[in-house]
Amino acid sequence: MDKFVIEGPTPLIGTIPISGSKNAALPLMAAALLGNTPTRLSLIPRLQDIYTFNNVIAETGTDVHFNGVENSLIIDPAGLNNTYAPYDLVRKMRASFYMLGALIGHSGEAKVSLPGGCAWGPRPVDLHLQGFEKMGIQIKHDQGYVYASMSGEFVDGGEFTLEPSSVGATINLILGAVKRARHFVIKNAAKEPDVVLLCRMLQKMGADIEGIGTGTLTIRKVDNLRGIEFSNDPDRIETGTYMIAAALHPRSELTLTGCKPDDLGNFPQTFNKLGVDIEIGDSTIFIRSAEKINPVSIKTKTYPGFPTDLQAQWATLMTQANGISTVTDTVYFDRFSYVPELNRLGANLRVDKNKVTIHGKTPLKGAAVMSTDLRASVSLVMAGLVAEGTSEILRVYHLDRGYEKLEDKLNRVGASIKRESQ
Ligand code: UD1
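Residues numbered from 1 in each chain as written. Predicted model: local features only at pLDDT ≥ 70, side-chain atom pairs only at ≥ 80, totals over all residues. Heavy atoms only, no water.

**Comments concerning the sheet that holds strand 11 (residues 181-187)**
Point 1. Taken in spatial order, the 4 strands make up an open sheet running 10-11-13-12, and their pairing is mixed. Two strands bound the open sheet, and with one partner strand each, they are strand 10 (155-161) and strand 12 (208-210). Each strand of the sheet is rotated relative to its neighbour by a mean of 10°, with strand direction disregarded.
Point 2. Sheet strands touched by helix 5 (residues 126-135): strand 10 and strand 11. Its angle to strand 10, the strand with the most contacts, is close to 140°. (Pairing = 2+ DSSP bridges. Helix = DSSP H or I, 4+ residues; strand = E, 2+ residues; numbered from the N terminus. Axes fitted to C-alpha atoms, helices over the stretch in contact; angles between N-to-C directions. Contact = heavy atoms within 4.5 Å.)

Put into structure tokens, the structure is as follows:
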């Protein structure tokens, strides 16, 4: 197991290229299983979660070829002869549960293990399963597995309202419906850019989906989808993470390239309230930090609201703001494992139910801290960048799941991060 040893504080000055989105790539990979011919995806990041999903897909007999130099992935489902996604693979990453929709779409049946994933809070899949049942798919559970089947080649479909709106359930139901449901309506569907991108890819493959980008998606089955060439989008969470990192140190000046600012929802407006300089271009974002940053309270919401995947990083930033702020997570209620770790570095955070109150500005001092999940880990790395002295971030394997070349990207702009064995 690796750890990061960080010497701080260091301003970040220079340019960081943004990688392809992890969360958007996974559904595109699942969608490739629905094509009659191979699909080539580009802008696929080199990340552990992508490798894990490649393995899950390969288990079905599908041919998967990842080119790490080009960041491209070719998926050829011609040999798909096994509709089984085993626990050993699925437990490593929750999004592997997309195999349920993809295999229903491809073969009309599936046996998929219930997922594992991040170590925060209850993350149920009840909506995915209820949605499939509403579609007309038969769902059974046995010994940790979900069995999906259907009596004919198609189901009539119907209508299902997601409450709460769920990114994963929306994606799974779309994957299942496009080739199997005569007419299926998803209400309160997720509007996240990852869902929109999946719909655009499926449309290009030949699917019939109406209402893309709105809360009501109407899907009518088509018999065939073709494999295509398709580009993934830049990672909006990575973009937001580096925007926050740029604001942390008063002398930082960062340019982010290869981004898609349109996918950031309301985040730039919230960011503006900090009082730092920000210039947004078509695919670049420039940030010059300020001597003092304002405390800005946030509440996570579904898109275009503040993403839950950026709340831990925001809390770290608020330790350096001049005043009191709060971070409330309304999407996941107990995603605060980073709080005691930030306090070990000298921050002053208090959790009450799903709200953290942060008293800034507190000087941070290097210490050893433990990563517990992907976004918590990156928030600790960011704290290490402004903490005085040496910080050790243990268990960085979480970061390798979701941030492409994190230490290289940060070291190139002035950070001092060494990867060592723990
Ligand atoms: C995805 C993202 C994750 C992000 C989250 C919210 C991927 C791989 N992961 O996760 O990084 O934090 O969206 O933006 O893209 N819920 C239910 N029942 C269900 C499904 C969800 O009650 O069957 C609830 C969840 O507990 C949560 C809310 O719905 O409170 C939203 O979760 P969801 O959008 O499904 O998150 P994921 O798709 O798992």
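Back to the write-up after that little detour.
**Overview of the nonpolar core**
Point 1. The biggest cluster of nonpolar side chains holds 76 residues, and the ones touching the most others in it are Phe 53, Leu 100, Ile 174, Leu 202 and Ile 209.
Point 2. If you tally residues by element for this core, the top one is helix 1 (residues 22-32), at 8 residues.
Point 3. Once residues lying within four places of it in the same chain are set aside, the contact partners of Leu 100 are Ala 110, Val 112, Leu 129, Phe 132, Val 146, Ala 148 and Asn 172.
Point 4. Residues Met 243, Ala 245, Ala 246 and Leu 399 belong to the second largest nonpolar core, which totals 68 residues. (Core = buried A, V, L, I, M, F, W, Y, C linked by side-chain atoms within 4.5 Å. Buried < 20%, exposed > 50% of the residue type's maximum accessible area, 1.4 Å probe, protein only.)

**Describing the domain arrangement of the protein chain**
Point 1. Domain parsing of the protein chain yields domain 1 (2-19 + 234-421) and domain 2 (22-222).
Point 2. Placing a centre on the C-alpha atoms of domain 1 and another on those of domain 2 gives a separation of 30 Å.
Point 3. Opposite the 20 residues of domain 1 that make contact, domain 2 presents 22 residues.
Point 4. Across the domain 1 to domain 2 interface the summed buried area is about 1800 Å²; carbon plus sulfur atoms make up 53%.
Point 5. For the interface between domain 1 and domain 2, the tally reads 3 salt bridges.
Point 6. Between Arg 46 and Glu 404 there is a salt bridge, with the nearest N and O atoms lying 3.5 Å from each other.
Point 7. Applying the counting criterion to the domain 1 and domain 2 interface returns 7 residue pairs in polar contact (both at pLDDT 80 or more). (Domains from an automatic or database assignment. Buried area = accessible area lost by both parts, 1.4 Å probe. Salt bridge = Lys/Arg side-chain N within 4 Å of Asp/Glu carboxyl O. Polar contact = N/O pair within 3.5 Å; in protein donor to acceptor, adjacent residues only side chain to side chain.)

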